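Residues per chain are reported as follows:
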Amino acid sequence: MAPFCNVALLGQKFMGRAHSNAYLKVAKFFNVPLQPVMHTVVGQDLIALAPFASRWGWRKYSTQWKDVVKDPAVHLVDVSTPNYMHADQALAALAAGKHVACEKPLAATLKDARAMRNAAVKSRRSRTFVWFNYRRCPAVALAHQLVREGKIGRVHHVRAAYLQSWGGPGTPMSWRFQRKFAGSGAHGDLNAHIIDMCRFVTGLEFTEITGAISETFVHERERPGGEQKALVRGAAGPSSKKSNKEKVDVDDCVLFLARLHGGAVASFEATRNAVGHQNNNQIEINGEAGSLRFSFEDMNVLWYFDAGDSPRTAGWRRIMCTSAGNHPYAGAWWPDAHVIGYEHTFSRSGRCRISTAPTKRSAYWKRPCWRPRTGRRSR
Ligand SMILES: NC(=O)c1ccc[n+]([C@@H]2O[C@H](COP(=O)([O-])OP(=O)(O)OC[C@H]3O[C@@H](n4cnc5c(N)ncnc54)[C@H](O)[C@@H]3O)[C@@H](O)[C@H]2O)c1
């Protein structure tokens, strides 16, 4: 059996469930160098914690994250709390010599993000990563490989959008709509993913942001019940003394344009108010020799257009990314042609190399997510 790694998970709700599931499954499907041990789960809601720990197999539970991150038995701290807590928790974990996995967006402010990056660089023994799970869709990882292998040639355009529709006026207040807790709205929540997807698939860094617009469509929301009630109370202040509503002070959508290394241009759009779109995390990349297209709403599929095809039969190819040995990660899961889902994107082996083509840039892909690169890369 592989040596083990004791995990402390901070946060027990949406991502708490997704990450717990990943820790349970990863060693069953991948040959892992370290066996994750579900040591301690931390949350705010003590009543919900005991049944959560028992259901998912956590050995211990606690409401005191400051004690847990210092526990000598813990090796990896997994930060899956609201954005404003990421910096304090990750910095404390690094100071205690732990490895840190942190949910996106890395932090609620640029200042916090820089402090986290600097601490990660300084603590050389700690390994760090951000949960940019969409990279682990076989179709996205295949797109990354095809770009590196030159299948679409020099990149001209990247068109990325993350469109959701749950942010209408009927959705009550939560930490996600308050700057104090979230830092930003759709921007940090959704643009964070597609910015990462663009960098991951193309291998290109940003050189310039040329314009951005931000809009808030729903300015106040009903006060919530349950755990959110305690969390959001008084954050932005009630709209009026008699009102049962709280003010929203983050964006509902952010659009911006960018230039990338090598002359490519890119557009990004994130919104939680695009009615008709459920979780449409999509990207299209147009190169001089071909194009690629992906949407998470059809996550097992990558679309590929080869500009070298005869015009007589040219067209977009729909590639079902479920073939072991041909498509990254596919062989770890089910027999060929059996599709996977959202939860699979959180599991992979740390030693699973997704790119086989040798390249001068290979060091870049092994670099931890939030350490700065050294030296300048060029295509
Ligand atoms: N990678 C993805 O696809 C993805 C998807 C959703 C959310 N996220 C990110 O994950 C993080 C958590 O989001 P979520 O949707 O799970 O939120 P959530 O509201 O569902 O859960 C937040 C958890 O944090 C805990 N918490 C809050 N304050 C705490 C405190 N002071 N001490 C200890 N625990 C505390 C709560 O008890 C709760 O369990 C956010 O940064 C979010 O952006 C990532």
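Our structure's up above, just so we're on the same page.
The numbers attached to residues start from 1 for each chain and follow its sequence in the written order. Selection of residues for local features in this predicted model requires a pLDDT of at least 70, selection of side-chain atom pairs for listing and counting requires 80 or more, and totals for whole chains, interfaces and linings are taken over all residues.

1. Some details on helix α1 (residues 14–29)
Okay, so step 1: Under the DSSP-based scheme used, a helix requires at least four consecutive residues in state H or I and a strand at least two consecutive residues in state E, with every element numbered from the N terminus. Any helix carries an expected span of 1.5 Å times its number of residues minus one. Taking 1.5 Å of rise per residue, 16 residues should cover 22 Å, and α1 covers 22 Å from first to last C-alpha, within 8% of that figure.
Okay, so step 2: By definition, a residue's bend is the angle between the axes fitted to the seven residues ending there and the seven starting there. Of all bends in α1, the biggest is about 30°, found at Y23.
Okay, so step 3: Once C-beta atoms are placed from the backbone, each residue is buried if 20 or more other C-beta atoms lie within 10 Å of its own, exposed if 12 or fewer, and partly exposed for counts between those two. Listing the buried residues of α1 in full gives M15, G16, H19, S20, A22 and Y23.
Okay, so step 4: Contact criterion: two residues are in contact if their C-beta atoms, reconstructed from the backbone, are within 7 Å. Packing partners of the buried residues in α1 comprise β1 (4–10), β2 (35–42), α2 (46–56) and β4 (76–79).

2. What to know about unusual backbone geometry
Okay, so step 1: The omega angle of the peptide bond from K104 to P105 is -15°, so this bond is cis rather than trans.
Okay, so step 2: By the secondary structure assignment, P105 is in the loop between β5 (99–102) and α5 (110–122).
Okay, so step 3: A positive phi angle, near 70°, is found at Y329, a position not held by glycine.
Okay, so step 4: Among the structural elements, Y329 can be located in the loop between β16 (317–320) and α10 (362–366).
Okay, so step 5: Even without a glycine there, the phi angle at A337 is positive, about 80°.

3. Description of the sheet that holds strand β8 (residues 206–215)
Okay, so step 1: Pairing between strands requires that DSSP locate at least two bridges from one strand to the other. One open sheet accounts for eight strands, arranged β8-β11-β12-β7-β13-β14-β15-β16; its pairing is mixed. Either end of the sheet is taken by a strand with one partner, and the two such strands are β8 and β16. Between one strand axis and the next, the sheet turns by 15° as a mean value, whatever way the strands run.
Okay, so step 2: Sheet topology note: the strand β7 (residues 155–164)/strand β12 (residues 265–271) ladder contains seven bridges and is parallel. In the strand pairing of β12, L163 is matched with T271.
Okay, so step 3: Together, β7, β11 (253–260), β12 and β13 (279–287) form the strand contacts of helix α8 (residues 186–202), whose direction differs from that of β7 by roughly 150°. Lines fitted to the C-alpha atoms define the axes, with helices restricted to the stretch that makes contact. Angles between their N-to-C directions range from 0 to 180 degrees.

4. Thoughts on the site of the ligand
Okay, so step 1: We call a residue near a molecule or strand if the C-beta atom, set from the backbone, is within 6 Å of it. Near the ligand there are 22 residues, and of these G11, K13, F14, M15 and E103 occur at the shortest range.
Okay, so step 2: Charged residues are taken to be Asp, Glu, Lys and Arg, nonpolar residues to be Ala, Val, Leu, Ile, Met, Phe, Trp, Tyr, Cys and Pro, and polar residues to be all remaining types, Gly included. Residue composition of the shell around the ligand, grouped by class: eight nonpolar, nine polar and five charged.

5. Topic: the pairing of β5
Okay, so step 1: Judged by which residues are buried, β5 turns out to be covered on both faces: H99 and A101 on one side and V100 and C102 on the other are all buried.
Okay, so step 2: Across four bridges, β4 lies against β5 in parallel orientation. Across the sheet, L76 pairs through a bridge with H99, a residue of β5.
Okay, so step 3: The path from the first strand over the helix to the second decides the hand: if it runs clockwise while the strands point away from the viewer, the crossover is right-handed. Each parallel crossover has a hand, and for β4 linked through helix α4 (residues 86–95) to β5 it is right-handed.
Okay, so step 4: The parallel pair β5 and strand β6 (residues 128–130) is bridged by α5, and the resulting crossover is right-handed.

Bear in mind that shape data such as this cannot, by itself, settle questions of function.
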